[in-house]
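# Breakdown of the fold
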Amino acid sequence: MSADTKIAELLTELHQLIKQTQEERSRSEHNLLNIQKTHERMQTENKTSPYYRTKLRGLYTTAKADAEAECSILRHDLDKIAEIKSLLEERRIAAKMAGVYSNSDPPRKTMRRGVLMTLLQQSAMTLPLWIGKPGESPPPLCGATPASSDYVAKQGDKVAARVKAVDGDEQWILAEVVSYSHSTNKYEVDDIDEEGKERHTLSRRRIIPLPQWKANPETDPEALFSKDQLVLALYPQTTCFYRALIHSPPHRPQDDYSVLFEDTSYPDGYSPPLNVAQRYVVACKENKKK
């Protein structure tokens, strides 16, 4: 089965799941309305009789079951979306290796700077939000949660890579994994800002995988970097990571970090606060300030 055919099938399944979600929500609204009306009657009569207690207990039990059913369908929706995104990424990588590009993914050497920045912003916005079950801890690569010690980034994954610049200095760049050799424990990565002309062979210690999920500040604040923590953050409108301090973590799932980049041109050594998406903020491996 071709990737296009599989994607089409998954989209059809996703459409059906979305319809089920709406049907489940519409069905549960009637019960929620009954709960509201029961509370209003209790307030009007200014009493809580055994009858109302029994009725509310039954209504809330039903509401809980309805919510769990809707939650189950939504998780299936998210699984289908993740599967579709994975297939699209596999198709993009196959096209890249074959030297064939679609209109939506042109070669970077012909891509205007503004287009690349827009694609990076879209990638940050569409990073999935981790939604765990009650009591479930965020997995590795969710927000600030690091990868496991034996983790190997896959082909096509975006990473922060420490490379030597033209002037001999070292810098952290946004790169894409081309391959990994288990025999040498080294990655081959492409600079995201160059179309294959800047390929680097790097050891694992020079690679930091980017988050694969956003952390929800409302449910998993421990999976976020905290205020004044030292990080590497992608400087806005560039493809390079620089050292920065967290000025304030996200307050809502859709929010960015506010960070202070190290900058000697300012009296206190740091830039004014700048926003950086969760996808482009990683732990700093360098403890000492340069």
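Residues numbered from 1 in each chain as written. Predicted model: local features only at pLDDT ≥ 70, side-chain atom pairs only at ≥ 80, totals over all residues. Heavy atoms only, no water.

Tallied over the full model, the rule gives 15 salt bridges. The shortest N-O distance in the salt bridge between E70 and R25 comes to 2.4 Å. In this pair, E70 is assigned in helix α2 (residues 50-98) and R25 in helix α1 (residues 3-45), connecting sequence segments 45 residues apart. With its nearest N and O atoms 2.9 Å apart, the salt bridge here joins E170 to R162. Taken together, the salt bridges that share partners define one network made up of E89, R92, K158 and E176. (Salt bridge = Lys/Arg side-chain N within 4 Å of Asp/Glu carboxyl O. Helix = DSSP H or I, 4+ residues; strand = E, 2+ residues; numbered from the N terminus.)

Inspection of every chain in the model, using the stated rule, returns six aromatic pairs. With centroids separated by 6.2 Å and ring planes inclined at 90°, the aromatic side chains of Y235 and Y242 adopt a geometry described as edge-to-face. The exposure class assigned to Y242 is partly exposed, which follows from its relative accessible area of 39%. When the centroid spacing of 4.7 Å and the interplanar angle of 55° are considered together, the rings of Y235 and F261 count as tilted. With Y235 in the loop between β6 (230-234) and β7 (240-248) and F261 in strand β8 (residues 257-261), the pair connects residues that are 26 residues apart, well separated along the chain. Residue classification places Y235 among the partly exposed residues on the basis of a relative accessible area of 32%. Using a relative accessible area of 2% as the deciding quantity, one classes F261 as buried. Among the aromatic residues, those joined into a cluster by ring pairs are Y235, Y242 and F261. (Phe/Tyr/Trp six-rings, centres within 6.5 Å; stacked < 30°, edge-to-face > 60°. Buried < 20%, exposed > 50% of the residue type's maximum accessible area, 1.4 Å probe, protein only.)

The next subject is the UniProt feature "coiled-coil region" (unreviewed entry) in the protein chain. In the numbering adopted here, UniProt assigns the feature "coiled-coil region" (unreviewed entry) to residues 7-38. Its end C-alpha atoms 47 Å apart, residues 7-38 is made of 100% helix and 0% strand. (UniProt positions renumbered as here; feature names shortened; annotations may be inferred.)

It is worth spelling out unusual backbone geometry at this point. Phi at L141 is positive, roughly 70°, even though this residue is not glycine. Its place among the elements puts L141 in the loop between α3 (113-125) and β1 (158-164). Residue classification places L141 among the buried positions, given a relative accessible area of 5%. Despite not being glycine, D228 has its phi angle at roughly 75°, a positive value. Note that D228 resides in the loop between β5 (207-209) and β6.

Turning next to a nonpolar patch on the surface. A cluster of nonpolar side chains, namely L78, I81 and I131, defines an oily patch on the protein surface of about 250 Å² accessible area. Judged by its relative accessible area of 42%, L78 falls in the partly exposed class. (Patch = residues over 30% accessible without salt bridge, like charges linked within 9 Å, V, L, I, M, F, W, Y side chains within 5 Å. Areas by Shrake-Rupley, 256 points an atom, 1.4 Å probe, with all protein chains shown as cover.)

Another point: the domain arrangement of the protein chain. Along its sequence, the protein chain is carved into domain 1 (3-98), domain 2 (157-209) and domain 3 (221-283). Placing the centre of domain 1 and that of domain 3 at their C-alpha centroids yields a distance of 35 Å. (Domains from an automatic or database assignment.)

What follows deals with the side chain of D157. With respect to the helices and strands, D157 occurs in the loop between α3 and β1. Using a relative accessible area of 16% as the deciding quantity, one classes D157 as buried. Among all residues touching D157, those that are not within four sequence positions of it are Y151, A175, E176, V177 and Q212. (Contact = heavy atoms within 4.5 Å.)

The next point concerns the packing of α1 against α2. The N-to-C vectors of α1 and α2 enclose an angle of 160°; their axes lie 8 Å apart at closest approach. It follows from the interaxial angle that α1 and α2 lie roughly antiparallel. Crossing of α1 over α2 shows left-handed handedness. In the contact of α1 with α2, the residues fall into 21 nonpolar, nine polar and 15 charged. (Axes fitted to C-alpha atoms, helices over the stretch in contact; angles between N-to-C directions. Parallel < 35°, antiparallel > 145°, perpendicular 65-115°, else oblique. Left-handed = near helix turned anticlockwise from the far one by under 90°. Nonpolar A, V, L, I, M, F, W, Y, C, P; charged D, E, K, R; others polar.)

Turning our eyes to something else, we now look at the pairing of β6. Every regular strand shows the same layout, with side chains that alternate between the two sheet faces. Across the five residues that make up β6, a large majority, four, are buried. The pairing of β6 with β7 spans five bridges and is classified as antiparallel. Pairing of V231 across the sheet is with A244, part of β7. Hairpin remark: β6 followed by β7, antiparallel, with five residues in the connecting loop; positive phi at Q237, about 65°. When β6 meets strand β10 (residues 281-283), the two strands line up antiparallel, connected through three bridges. Following the sheet pairing, A233 is matched in β10 by V281. (Pairing = 2+ DSSP bridges.)

This next bit is on the nonpolar core. Ranked by size, the top nonpolar core spans 32 residues in total, and within it L174, F241, V259, Y280 and V281 carry the most contacts. Every element with two or more residues in this core is listed here: α3, β2 (170-181), β6, β7, β8 and β10. No fewer than three residues from each of domain 2 (157-209) and domain 3 (221-283) sit in this core. For V259, the contacting residues outside a window of four places in its chain are A233, A244, L245, I246, H247, P272, P273, L274 and V276. Of all hydrophobic cores here, the second largest spans 13 residues; its members include A161, A175, V189 and C240. (Core = buried A, V, L, I, M, F, W, Y, C linked by side-chain atoms within 4.5 Å.)

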